[in-house]
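Each chain is listed here by its residues.
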Amino acid sequence: MEAIYQSRFVRQDFPFAVFCETDENGLYHWHDEVELVLVRSGALEATVPGRSYLLQPGDILLIDSGEVHSLVPQPNAAWLSLRFSPRLIEEQLPENDGIGFGYRESFQVCRCSRQWSNEAASEVRQLIGSMYREDKEKRAGWQAAVRGSLYRLLVIAARELPDGDEEPPRRDMQDLNLKKTLSFLAENYTRDISLKECADAIGFNMNYFSRFFRSHTGIHFHQYLTALRLQKAERLLLSTGLSITEIIYQSGFQNAKTFNRVFKNVHGCSPREFRQSKLPGTAPVSASASHKKTPKPVPRSLDTPRETLVRRDA
């Protein structure tokens with residue numbers, strides 16, 4: 001299965017990790033860990049059900065455990081992704097302390113730093129940076145240091161962050177059906193599947209399923225399916241020596257004409273030129289490919305609220 005349900009990144013003995021991301025296009029997925037996203041450069045479009053945020057450098061976003069979301073980078077984007085299991089710290093908290101993580105507690109506060117005070121946002125940035133260094137260097141006592149930073153994060157959330165204006169992430173049949181849909185697509189996108197086949201697998205009428213999918217993801221079914229296949233093709237181009245023809249087959253595209261058209265529309269160059277430009281030691285890209293189009297993010301629904309997040313203490 002592709003990265004729809006993600007759990008492999010976090011150690012089971014100490015469920016915490018920080019990653020420095022650049023061009024990873026995180027189509028809709030979920031994981032058991034709470035995630036903090038800190039944008040370092042460029043812009044990152046983060047989407048959760050019902051809302052989309054265009055995050056700028058310095059912005060922080062809180063994503064809850066089990067919440068379906070997507071992260072689509074704009075050109076030159078880089079960000080830190082900090083993930084941890086709530087049990088890492090909640091097992092040590094007094095029962096009546098009034099703080100904790102989990103979907104109820106997490107979303108009693110505003111999820112993005114635009115609504116926080118300058119002081120709170122600045123301290124959370126410093127905590128994320130400190131935990132990133134501890135995770136990479138792993139000096140003596142690094143796990144205790146990480147736990148200490150997470151406890152401080154909990155105190156900031158309880159005392160200093162404003163109340164949230166969003167509903168807690170859904171834990172109902174709609175949420176379950178969305179996850180079933182994404183899992184079905186992740187397991188079957190490499191073959192010629194249709195809207196009706198997917199609707200039948202979930203147990204929905206085709207027309208209702210089409211509306212359901214767009215209302216929960218912000219894009220049409222076939223747009224998402226194409227984006228999933230394109231993401232697979234990009235990975236194969238950069239991580240294998242497979243021929244373009246074999247990559248077309250393995251990523252689920254039905255013919256070379258469609259694949260080349262979709263790929264060039266997104267990247268502004270052919271698959272072969274894309275591979276040459278990204279991999280060291282390959283032949284230079286042709287002059288025509290040097291004028292690349294700006295990569296297009298996965299489209300979102302026109303009626304999905306969107307916030308442009310700008311640093312308040314810049």
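Residues numbered from 1 in each chain as written. Predicted model: local features only at pLDDT ≥ 70, side-chain atom pairs only at ≥ 80, totals over all residues. Heavy atoms only, no water.

Thoughts on the sheet that holds strand β6 (residues 60-63)
Strand order in this open sheet of 4 strands is β1-β8-β3-β6, and the pairing throughout is antiparallel. Of all the strands in the sheet, just β1 (16-21) and β6 have a single pairing partner and so form its edges. On average, adjacent strands in this sheet sit at an angle of 15° to one another, irrespective of strand direction. Sitting on the sheet, helix α3 (residues 118-137) touches β1, β3 (34-41), β6 and β8 (78-84), and the angle it makes with β1 is about 100°. (Pairing = 2+ DSSP bridges. Helix = DSSP H or I, 4+ residues; strand = E, 2+ residues; numbered from the N terminus. Axes fitted to C-alpha atoms, helices over the stretch in contact; angles between N-to-C directions. Contact = heavy atoms within 4.5 Å.)

Concerning the packing of helix α8 (residues 221-239) against helix α10 (residues 256-267)
With their axes 11 Å apart at the nearest point, α8 and α10 run at an angle of 85° to one another. Considering their axes alone, α8 and α10 lie roughly perpendicular with respect to each other. Between α8, through Thr226, Leu230, Ala233, Glu234 and Leu237, and α10, the contact on the second element is made entirely by Phe259, Val262, Phe263, Val266 and His267. Taken together, the residues of the contact of α8 with α10 sort by class into 7 nonpolar, 2 polar and 1 charged. (Parallel < 35°, antiparallel > 145°, perpendicular 65-115°, else oblique. Nonpolar A, V, L, I, M, F, W, Y, C, P; charged D, E, K, R; others polar.)

Quick word on the pattern of salt bridges
The full count for this structure, using the stated rule, is 9 salt bridges. With a shortest N-O distance of 3.9 Å, aspartate 135 and lysine 136 are connected by a salt bridge. What makes aspartate 135 buried here is its relative accessible area of 4%. The salt bridge partner of lysine 179 is aspartate 175, with a shortest N-O separation of 3.3 Å. Of this pair, lysine 179 and aspartate 175 both sit in helix α5 (residues 173-188), separated by 4 residues, roughly a single helical turn. (Salt bridge = Lys/Arg side-chain N within 4 Å of Asp/Glu carboxyl O. Buried < 20%, exposed > 50% of the residue type's maximum accessible area, 1.4 Å probe, protein only.)

Some points on the nonpolar core
Ranked by size, the top nonpolar core spans 29 residues in total, and within it Phe16, Leu82, Phe84, Trp116, Ile128 and Leu150 carry the most contacts. For this core, the secondary structure elements donating two or more residues are β1, β3, β6, β8, α1 (87-90), α3 and α4 (142-159). The element contributing the most residues to this core is α4, with 7 residues. The next biggest cluster of nonpolar side chains, apart from the first, holds 24 residues, and it includes Phe184, Leu185, Ala199 and Leu225. (Core = buried A, V, L, I, M, F, W, Y, C linked by side-chain atoms within 4.5 Å.)

What about the confidence of the model for the protein chain?
Of all residues in the protein chain, 75% attain a pLDDT of 70 or more, and the chain-wide mean is 80. Predicted confidence in the protein chain is weakest over strand β9 (residues 306-309), with a mean pLDDT of 40, and strongest over α3, with 96. Counting interchain partners and residues more than four positions distant, the pLDDT-below-50 stretch residues 102-107 has 17 contacts. For the stretch residues 283-314, pLDDT sits under 50, and the model shows 78 contacts to residues farther than four places along the chain or on other chains. (pLDDT = per-residue confidence, 0-100.)

Side note on α3
Helix length check: α3 (20 residues) gives 29 Å between terminal C-alpha atoms against 28 Å at 1.5 Å per residue, within 8%. Of all the residues in α3, the buried ones are Ala120, Ala121, Val124, Arg125, Leu127, Ile128, Gly129, Met131, Glu134 and Asp135. Residues of α3 that are buried make contact with β1, β3, β6, β8 and α4. Positive phi appears at lysine 138, one or two residues downstream of α3, with a value of about 50°. (Expected span 1.5 Å × (residues − 1).)

Overview of the packing of aromatic side chains
Tallying each qualifying case throughout the model produces 14 aromatic pairs. Plain terms: the ring middles of phenylalanine 204 and phenylalanine 209 are 6.4 Å apart, the flat faces sit at 50° to each other, and that makes the pair tilted. Given a relative accessible area of 17%, phenylalanine 204 falls into the buried group. The exposure class assigned to phenylalanine 209 is buried, which follows from its relative accessible area of 0%. (Phe/Tyr/Trp six-rings, centres within 6.5 Å; stacked < 30°, edge-to-face > 60°.)

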